Amino acid sequence: MRELSEIYTDWQDKLDQDEWYFSPSFEKIIERLTPIEAFDSIPSVINELIKLREPYLIGETLDFLQSIYHKADTTEVHPVVKRELKNIETVVQNVGDDYSKNALREWKTFLRIK
């Protein structure tokens, strides 16, 4: 997802200027998506997520993924989530902070994933 990559560019400087930087940035993406487009964007978000090595970005991306699911208006587990869940869990476990670990738990609870 190109927009997500752009949001991550120079994110620390942007966050220093606006502590709420991620919220409106993610909302802009979500607003323009239909529920079907939101569901179809899940693989792109997951692909970005498993590449991350910054704890703060991992937590923010998991929150974004949760918002994407809310926009999609479904708890259907996307096939890519099933395929990449172990990779997501590994990234969060090895790189994530407490916030991202909690965000992962909440997302999995929402999707009823054990």
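Conventions used here
Residues numbered from 1 in each chain as written. Predicted model: local features only at pLDDT ≥ 70, side-chain atom pairs only at ≥ 80, totals over all residues. Heavy atoms only, no water. Helix = DSSP H or I, 4+ residues; strand = E, 2+ residues; numbered from the N terminus. Buried < 20%, exposed > 50% of the residue type's maximum accessible area, 1.4 Å probe, protein only. Contact = heavy atoms within 4.5 Å. Axes fitted to C-alpha atoms, helices over the stretch in contact; angles between N-to-C directions. Parallel < 35°, antiparallel > 145°, perpendicular 65-115°, else oblique. Left-handed = near helix turned anticlockwise from the far one by under 90°. Nonpolar A, V, L, I, M, F, W, Y, C, P; charged D, E, K, R; others polar.

Trainee: Can you explain the side chain of Ser41? Please cite residues and give values.
Mentor: Locating Ser41 in the fold gives a position in helix H4 (residues 35-49). The exposure class of Ser41 is buried, given its relative accessible area of 7%. Here Ser41 is in contact with Met1, Leu33 and Ile68, once residues within four sequence places are set aside.

Trainee: If you had to explain the side chain of Glu84 to someone new, which residues and values would you point to?
Mentor: Relative to the helices and strands, Glu84 resides in helix H6 (residues 79-95). Residue Glu84 is classed as buried on the basis of its relative accessible area of 12%. Those residues in contact with Glu84 that sit more than four places away from it in its chain are Ile46 and Ile50.

Trainee: Tell me about the packing of H6 against helix H7 (residues 98-110), and name the residues and values.
Mentor: The geometry of H6 relative to H7 is characterised by a closest axis approach of 10 Å and an angle of 155° between their N-to-C directions. Classed by the angle they form, the pair H6 and H7 counts as roughly antiparallel. Crossing angle aside, the handedness with which H6 passes H7 is left-handed. Contacts from Val81, Leu85, Ile88, Glu89, Val92 and Gln93 of H6 reach H7 at Ser100, Lys101, Leu104, Trp107 and Lys108. Here the residues of the contact of H6 with H7 are counted per class, giving six nonpolar, two polar and three charged.

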